[in-house]
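Analysis of the macromolecular model
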Amino acid sequence: MKITYYGTAAGEAWPGVFCDCELCRKARLLGGKNIRTRSQALVNQDLLLDLPPENNIHSLLLGLDLQKVEALLFTHSHSDHCYPEDLEFLREPYSHTRKGLMEVFGNPSVAQRFLDTGVGLGGEKERFRFHRLLPGDSFTVLGYRVLALRATHTKTEQCLFYRIEKDGKSLLYAHDTGALSEENMEMLASAGGKLNLVSLDCTQQKYRESGYHMGFYDDVEQKERLIKAGLADGKTIWVVNHFSHNGGWLHEELEAQAEKYGFLASYDGMSVEF
Ligand SMILES: [Zn+2]
Ligand SMILES: [Zn+2]
Ligand SMILES: [Zn+2]
């Protein structure tokens, strides 16, 4: 299994769209891994996680091959994860090459966003089909066994994060969530097996914050909890992702901290095979 991170910033991006604070200025000067776009990742070549406004930029500049994407999971409706307008271009006369239906999954707030933007919920002509999900739902798509878990995030919608399994490998993509809840831990336990890769929200970096997002030391705690519960082990790969300029660490410093605790610090374009 392979995961590629195309966007690793929180909502404001980094440098922030309208920000010129010290950390945004330094990121602009240093460039490279300090330039972060909004949240998106790809599992293997066909399962996309979230559709931010930079979806097209990821395809133009970072090699995201949207021709091969056949399913899309949305975590929630925040604008850094959910820009449904791009799905209008799946159909003729905008795409002459897409065949079949893209299977799209999201919570009822994501569905509402599709309706509010006029994109609709798809059909044969639109070349996608929307499936409503609630926390606790599990399903199979393209041979992936997917479990939707309840994120601890905004109270105004039922935000999700995902456990994804295929061919005996599994990953947990836990972003835009605070610390894992007891319910999360129980559901992961009943899914069975050890996680091969765990990707954790690290929006607040050097600061602690476990009720809406997490910081790096919250992630260190989640790692200990998952290992103690037998859901991960010494072979599990740990990744931190989704960073805000308010978190205080540019990439180099983040990477140094991450290394110390056995994590990989994600950056736009990073791939991990496991
Ligand atoms: Zn976000
Ligand atoms: Zn800033
Ligand atoms: Zn969010």
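Residues numbered from 1 in each chain as written. Chains lettered and ligands numbered in written order. Predicted model: local features only at pLDDT ≥ 70, side-chain atom pairs only at ≥ 80, totals over all residues. Heavy atoms only, no water.

1. Examining the sheet that holds strand β1 (residues 2–7)
Defined as follows: Strands were regarded as paired on the criterion that DSSP finds at least two bridges between them. Labels follow the DSSP assignment, with helices taken as runs of H or I lasting at least four residues and strands as runs of E lasting at least two, numbered in each case from the N terminus. Only heavy atoms enter the contact rule, under which two residues are in contact if any of them lie within 4.5 Å. All axes are obtained by fitting lines to C-alpha atoms, using only the stretch in contact for helices, and the reported angles, taken between N-to-C directions, cover 0 to 180 degrees.
An order of β6-β7-β5-β4-β3-β2-β1-β15 is seen for the 8 strands of this open sheet, with the pairing classed as mixed. Both edges of this open sheet fall to β6 (122–123) and β15 (270–273), since each of them pairs with a single strand only. Of the pairings in the sheet, the one linking strand β4 (residues 71–73) to strand β5 (residues 102–106) comprises 3 bridges and is parallel in character. By the bridge assignment, Leu72 is partnered in β5 with Val104. Lying on the sheet, helix α3 (residues 108–116) is in contact with β5 and β7 (128–132); it crosses β7 at an angle near 140°.

2. Looking at the coordination of the zinc ion (ligand 1)
Cut-off, in case you're wondering: Coordination partners: N, O, S within 2.8 Å of the metal, 3.2 Å for Na, K and Ca; water not considered, so apparent gaps in a site are possible. Partly exposed describes any residue whose relative accessible area lies between the buried limit of under 20% and the exposed limit of over 50%, with all areas from a 1.4 Å probe on protein chains only and scaled to the type maximum.
Looking at the metal site, the zinc ion (ligand 1) is ligated by Asp80 (OD), His81 (NE2), Asp176 (OD) and His242 (NE2), spaced 2.1 to 2.4 Å from it. The sequence pattern formed by the donor residues of the zinc ion (ligand 1) is D-H-x94-D-x65-H. Metal-to-metal, the separation of the zinc ion (ligand 1) and the zinc ion (ligand 3) is 3.7 Å; Asp176 coordinates the two. Considered together, Asp80 and His81 belong to a single accessibility category, that of buried residues.

3. Let's talk about the pairing of β7
Direction of pairing for β5 relative to β7: parallel, over a ladder of 5 bridges. Looking across to β7, one finds that Gly106 is bridged to Arg132. Alignment of β6 against β7, held across 2 bridges, turns out to be antiparallel. Bridging from a neighbouring strand, Gly123 pairs with Phe128 of β7. What sits between β6 and β7 in their antiparallel hairpin is a turn of 4 residues, with Arg127 showing a positive phi close to 65°.

4. Quick word on the sheet that holds strand β11 (residues 169–174)
Within a sheet, each strand pairs with its neighbour through backbone hydrogen bonds, oriented either parallel or antiparallel. In spatial order, the strands read β8-β9-β10-β11-β12-β13-β14; together these 7 strands make up an open sheet with mixed pairing. Each of the sheet's edge strands pairs with one partner strand only, and the pair in question is β8 (138–141) and β14 (264–265). For β11 and strand β12 (residues 197–201), the ladder comprises 4 bridges, and the chain directions are parallel. Bridging across to β12, Leu171 finds its partner in Leu197. Against the sheet, helix α4 (residues 182–191) makes contact with β9 (144–150), β10 (160–166) and β11, and its axis sits at roughly 165° relative to β9, the strand it touches most.

5. A few points about the coordination of the zinc ion (ligand 3)
As a reminder, the rule being used: Angular criteria define each label, namely tetrahedral for four donors with all angles between 85 and 135 degrees, square planar for four and octahedral for six donors with opposite donors over 155 degrees apart and remaining angles between 65 and 115, and irregular for whatever fails these tests.
Distances from the zinc ion (ligand 3) to its protein donors, namely His76 (NE2), His78 (ND1), His153 (NE2) and Asp176 (OD), fall within the range 2.1 to 2.3 Å. Here the zinc ion (ligand 3) is ringed by 4 donor atoms whose angles at the metal span 90 to 167°, and the overall shape comes out irregular. Counting gaps between the donor residues of the zinc ion (ligand 3) yields the pattern H-x1-H-x74-H-x22-D. You can call Asp176 buried: its relative accessible area is 2%.

6. Side note on the nonpolar core
Definition in use: Think of a nonpolar core as a cluster: buried Ala, Val, Leu, Ile, Met, Phe, Trp, Tyr and Cys residues, connected wherever their side-chain atoms sit within 4.5 Å.
Among the nonpolar cores identified, the biggest contains 37 residues, and Trp14, Leu172, Phe216, Leu226 and Phe263 are the most heavily contacted of them. Of all elements in the fold, only α1 (22–30), β9, β11, α4, β12, α5 (216–228), β13 (237–241) and α6 (251–260) reach the threshold of two or more residues within this core. For this core, the leading source of residues is α4, giving 4 residues. The contact partners of Phe263, leaving out residues within four places of it in the chain, are Leu200, Phe216, Asp219, Val220, Lys223, Trp238, Val239, Val240 and Ala258. Judged by nonpolar contacts, the second largest core, of 26 residues, contains Ala71, Leu160, Met270 and Phe274.

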